[in-house]
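# Chain and residue survey
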Amino acid sequence: MSRRLPPQPGEWIQRDKAVEFRFEGREYTGFQGDVLSSALWANGINVLGRSFKYHRPRGIYSLAGHDANVVVEDRLRSNLRGDVLPIRGGMDLRAVNTGGGLAGDRYRIMEWLSPFLPVGFYYKAFHTPRRFFRFYEGLMRRAAGLGRIHVGARADMSRKDYAFCDLLVVGAGPSGLSAAIAAAEMGATVLLVDDQPRPGGSLCWQHLDAPESRSDLLEKACALPNLEIRSNTQAAGWYADQWVALVDDRRLTKLRTRATLVASGCIEQPAVFHNNDLPGVMLASAAQRLMKLYSVKPCDRAVVLTANDDGYLAALDLADAGVVVAAVVDLRPAQSCTPVAAEVAAHGIEILKGQAVYEAVVSRSKNGIAAAVVCCLDQNGQPRLSSARRILCDGIAVSVGWAPNASILAQAGTRFRYDSQLQQLAPHDLPRGVFAAGRVNGIFALEERIADGRQAGLAAVAFLGHQIEVPASVPRSRTAHSHAYPIFDHPHKKNFVDLDEDLQLVDLLNAHQEGYDSIELIKRYSTVGMGPSQGKLSNMNAVRVVARLNGQSLDQTGMTTARPFYQPVSIANLAGRRFHPYRLTPMDGWHRQAGAVMVPVGTWFRPEYYATKEKSRADCVLEEAREVRRGVGLIDISTLCKFEVAGPDAARFLEQIYTGRFARQNIGRMRYALACDEMGYVTEEGVVARLAEDRFYVTASTAGGEAFYREMQRWAIVFHMNVVLSNVTAHMAAINVAGPRARGVLAEIAEVDIGATEFPFAHVRDMVVAGVAAIVMRVGFVGELSYEIHVPADKAAGVWDALILAGRNSGIRPFGTEAQRLLRLEKGHLIAGHDTDPLTTPFEAQLDWAVDMNKSFFIGQRSLRIHAGRPLERRLVGIAFAYGYLGELPEECRLIVNRGQIAGRVTSIAGRTTVGGPIGLAFVRPDLAEPGTSLCIRVDAREMSEAQVVRLPFYDPDNTRQT
Amino acid sequence: MKSISCPINGTRPLQEFQYGGEVREMPDPDRASDEIWTDYLFNRRGEPGVTREWWYHQPSGTWFIAERDIVKDEFLRTYLYGSETCDE
Amino acid sequence: MFRAPERLKDEYDVVIIGGGGHGLAAAYYLAKDHGITNVAVLERSYIGAGGTGRNTAIIRSNYLTPEGARFYQASIELFQDLSRALNFNLFYSERGHFTLAHSPASLRTQRWRAEVNQHLGIDSDVVGTDFIKRTIPEIDLACGGHQPPILGALYHPPGAIARHDAVAWAYARGADRAGVEIHQKVAVTGVEIRDGAVTGVHTDKGFVKTKKVLSAVAGWTTYITSMIGLRTPLVIHPLQALVTEPLKPWLNSIVVSASLHLYVSQSSRGELVTGASLDPYPVLSMRSSLDFAEGSCGHLLDLFPFLGDIKVLRQWGGLCDMTPDFSPIMGTTPIAGFYIDAGWGTWGFKATPISGKTMAFTLAHGRNHDLIKAFNLSRFPNFQLVGEKGAASVGH
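The model shown is predicted, which means the values in this text are computed figures rather than measured ones. Per chain, residues are indexed from 1 in the order of the written sequence. Just so you know, chain letters begin at A and ligand numbers begin at 1, following the order they were written in. Local features are withheld for residues below a pLDDT of 70 in this predicted model, meaning they are given only at 70 or higher, and side-chain atom pairs are given and counted only at 80 or more; totals for whole chains, interfaces and linings count all residues.

### Comments concerning the environment of A:G705
Just so we agree on the cut-off: Numbered from the N terminus, helices here are DSSP runs of H or I no shorter than four residues, and strands are runs of E no shorter than two.
Relative to the elements of secondary structure, A:G705 occurs in helix α20 (residues 705–718). Here the alpha-carbon distance between A:G705 and A:E684, two residues 21 residues apart in the chain, equals 7.5 Å.

### Quick look at the sheet that holds strand β21 (residues 383–392) of chain A
Residues and elements named next belong to chain A. Here is the rule we go by: Strands pair, by our definition, only if DSSP identifies at least two bridges between them. Lines are fitted to the C-alpha atoms to define the axes, a helix being fitted only along its stretch in contact, and any angle between axes, read from their N-to-C directions, falls within 0 to 180 degrees.
In space, the 3 strands of this open sheet follow the order β19-β20-β21, with antiparallel pairing throughout. Whereas interior strands pair on both sides, the edge strands pair on one side only; in this sheet they are β19 (355–362) and β21. Strand-to-strand twist of the sheet, defined as the mean angle between neighbouring strand axes without regard to direction, takes the value 30°.

### Observations regarding the interface of chain A and chain C
Under the convention used in this document: Once C-beta atoms are placed from the backbone, any two residues with those atoms within 7 Å are in contact. Residues are grouped as follows: Ala, Val, Leu, Ile, Met, Phe, Trp, Tyr, Cys and Pro are nonpolar; Asp, Glu, Lys and Arg are charged; every other residue, Gly included, is polar.
Facing 69 residues of chain A, the contacting portion of chain C comprises 60 residues. Examining the composition of the side of chain A that touches chain C, we find that 4 residues originate from one element, helix α16 (residues 571–575) of chain A, more than from any other. Broken down by class, the residue content of the side of chain A that touches chain C amounts to 34 nonpolar, 16 polar and 19 charged. One ladder, built from 2 bridges, connects strand β29 (residues 569–570) of chain A with strand β18 (residues 311–322) of chain C; its direction is antiparallel. Each residue of the ladder has a partner; that of A:S570, found in β18(C), is C:K311.

### With respect to the domain arrangement of chain C
All names here are of chain C. What counts, and what does not: Either an automatic procedure or a domain database provided the assignment from which the domain bounds are taken.
On domain assignment, one finds that chain C holds domain 1 (1–96 + 161–234 + 323–396) and domain 2 (103–157 + 235–322). Between the C-alpha centres of domain 1 and domain 2 there is a distance of 26 Å. With 36 residues of domain 1 at the interface, the matching set in domain 2 holds 36 residues. Among the secondary structure elements, those contributing two or more residues to the side of domain 1 that touches domain 2 are α2 (66–80), α7 (221–228) and α10 (389–392). Here the side of domain 1 that touches domain 2 takes 4 residues from α2, the largest share from any one element.

### What to know about the packing of α2(C) against helix α9 (residues 352–365) of chain C
Residues and elements named next belong to chain C. The test is simple: By the definition adopted for this analysis, an angle is roughly parallel if under 35 degrees, roughly antiparallel if over 145, roughly perpendicular if from 65 to 115, and oblique otherwise.
Where α2 contacts α9, the two axes come as close as 7 Å, and the packing angle between them is 105°. Taken together, α2 and α9 sit at an angle that is classed as roughly perpendicular. Contact residues: F71, A74, S75, L78 and F79 in α2; P353, I354 and K357 in α9. A class-by-class count of the residues in the contact of α2 with α9 yields 6 nonpolar, 1 polar and 1 charged.

Now the structure itself:
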């Protein structure tokens, strides 16, 4: 049975474009422009979904995406809302959360169990014994949730845009259009957004008696080049400094506006009566949307429940569409009579004043309603059952009140107050740069909304700095458009305050009785307003209930907090295209071609080792290290942070930054440098090379150097130092050539004499290497003769190639970070951050030699004086396993145990080394730090291994190799 | 996203900035007692109200001072370290 | 659930500032363990309004330091029996807790944590990718190439979630039945101190005499300490979270990735609850940022690429009182009779029972309970920090 009406003026459907789709396994046809709910309703389908908890049949309720009655999924997508889901050919949808389909949903049994499941029952049961909870929890989890995930699904990549404007107007209804036009006419750049497919707001479905308003406003708006209208776009979130998330189906636009004007209208609110959730009961605005936008008849015989003129207008619209309006039931007492009521009466429609729909009667099919039971209201506004009367109908249109669509205003910090003339909330205190107009502002008559929009638009322009006259504010409506308490108790309950969560009036009463007496506690205990529509249709009535129970005003009761988002936003929209920038050294291509296994280090990628066919990682690493020990190797160390420190105070500055001495450092010399934080804990290490009296070249670690540089910049300001700091990390690349044959290799391409006496250990030279101006340092971390060659990044690849070529006969080969780590470990050099943690002092790390406590000041010195006066808690020591040790080696971070107590921790370990047996570094209790002490180290939960504390370094203790 | 006014580069989005902690005056390390020194090291003002803070504009490497209401998260004033008296 | 006393009495043996989980638990154990019932809990808003009702309800004990691990393990042991003890179903649900490692460095830290945990008898170990994939088949170990791949994880089978509000309600009811007064909508405006000792508390409903005050207001602690000039290292940062629309349960474990700054679990309602790291600068009010939502959603897709069409319902923020070492500040202070329970950062919910129990002991005896000695405010001037940064930062 089709409910499709003949063509209506302004309808959104395109009758020449039929759309075939499937729902619950059956074929249906709708039109392009239909949403799922309208298309199914047009096909005569009543049950479009099942409720979350009791699996009651549900149909159209708000038709605006403000309820979760119709939630569907397809093979890839979940939790789609049928009220706002445009149908497309080939869609194959089914309702979520049913037991074996919508029609025969097995979980309908939940409704019969409902008397045994009062609000919060789950807090009182099933917890003892604990075993039982596991079983019960399994049942609970099966019942929870709506749609299923689809592991194979991949959402389309969503774009992110940025936009800027002077004024954002939210809502393209009459007041929003009028505001946007007024502001744009004054020259402001205006962006007008609306979440509906077409602009016009309620003019599209409610005020068809004034069709010229919509066309006039749209015509004016379109003529203004500085006014952009975006439909299908929700203002989802408002954040500090007028930063607004605009979401459409393809992208997230991040808007920076200078002012925000909210004309988002109102959300029609339900009346609470028995069976107020069944298919056929719907908001009057939903009935109007259905008729005007989609040309679908809501029902054949309607009762209109109202408490304002809007309901009477809806009754006229229903009558126009050929629906028999059996009665208009008006909650207001008999005395009020308006012109529109007279018009309804003139249509011969019965008007029942001072009466309420007390219950909807379930139809025989159980899929809809058969009648409304109407009662007179007593002085307390409660139904007098003796007066009950049954009116046959298959639809009830409810128009008993509105709540401001306040999300964006509230997110922006607007406070709302209850207006007792309007009987609803209205903005009370607008933040700077935030404006409200139209129904959200408590103004209801169409002409006044347009005037209010204009006024607010001009006020916004004045705020933006235009010198203009702002007209006086439009006063709020004096008549109530909402009823103070459209909520009616019923012995058989099923009078829902929250349709999403299946919460009945009694649930709120019970929660209150149990002592959850504030709106926030009731919300959390009963879950009212926590469902997918976030209380858009339930919060207002819940507040009315709680206020009445507490004998408080609505302002005293308070609203729950508004949080982003206005409507749910997809994860793909928010994630957007994901950018993960990383940095590559100039030699990156070479490494990869040479088979390097790259690993992320900070924001960089570095070769961990160079893989050779049919050799294990460990073999490759050991070979690379051996080559350095016996021949020559080279490593790309471009990722090190590199700074220049220049100026008259440069030396004095470095003295204060680092723990060592630099003031008397000779030009052409370089030194190890250690830095601590103010608490005296090790933070950074590197080298400082003096290039001139007033110029130093400094290196720091790949991962920590950038943060260290920032701190250096700050200290330079705080210390009032006359220094210039430059971070040349990206500008300079660096290569370390190491091994006994390193000198020979470098000598081939260096244009100066680099003999042992001309260029000794711990010296730095400016020289030309392979035709490139370089800073070359004689360093010794790997324990061999080695040169650190720093060159401009754009020339570095050439220098690298030249080194490879020059080393060809010496068997030069590249080595990666793992071999470097092994070589450093053998030489007893700790790696800050690897062998130390954020609370390691230099004394614990055996770095006393790098700390000059006699200097006048350095960062951390004052605290180190305190540390020095206390007994050490641990020391970093070398450990060695017996030569030929065959047992399993402990991993790094395994514990050292002494008489059942934690006595330390391994920080570095190397199983295969160039120095014989396995070695490592470990923190141990000071009483275990003496060389020769035997340590028990955990290998796994059961096994222990044994190692000895040994003197550092493991390799070349007399430093004969690096000179 | 918030906007912050860098004294050198003008108003820029928050993502270009890094917070650098409260501004604290270092006591004379040679004269301060351990108690005063560790109070300087560890304790913070942290309380509601306007706080003087270090902020860093990352792309340009600019450190500056901001006076910020840390309850409302409102930047009241920004200036370079040491210049607070001259710009009034 | 609990009574709403008409007015404050003139004098209490103990006044507890803050009607969150910690304050209510302390009140409960004061009455139950120590027979001290002349106690008032003063709550500025409604009970559980602060961190208790805003956290992501994760409970675990796989901490890095022995002091921390021991303390949180004691908390878990109380939690496991708490529903029965309080006769209130807290939905304490052991789901297993994964801390993913995307780098060798984070695998090392996790090995360290596992070592300390195992030494103390805590069920915790480093697991490989096979185990992760078996337990969470939906996860993309390669992170779609957007992040370094997952190399392993620290796995903690007792890791649990619970219904956070219910913890506050259950303790409130228990404390109320034992005779404690719970006053909601009473704001503390000052603490009276004479000769270095507490003599009473000023509130917007009048002055009450007391010799012992416990400040248990976590993210609002600096409001209280600034009233009495007590200096602490606390700095308040917002922490944000978001939930999706409810989905049929599929994610049985709690998943944390420190390098992605993300943690996610699925609630008993079916919502995915996710959070990130702290906001990068201090703010003393709860607000949301779009950057957070964008970042979290991106990282959620790195791990679970099929969630793109799933929708985020709402985001919210809470306040975290951060300490330099990521451990709490508990126990006595230099002011006689003023006790502090703060520094709860992002790890307060899981400590609710044990902090209540140990603070009650400390209040009753005037000396710090053994389990919290290491967390005293005096550890800072003594350089006795309890460094939990590696375990606590995005651990939750």
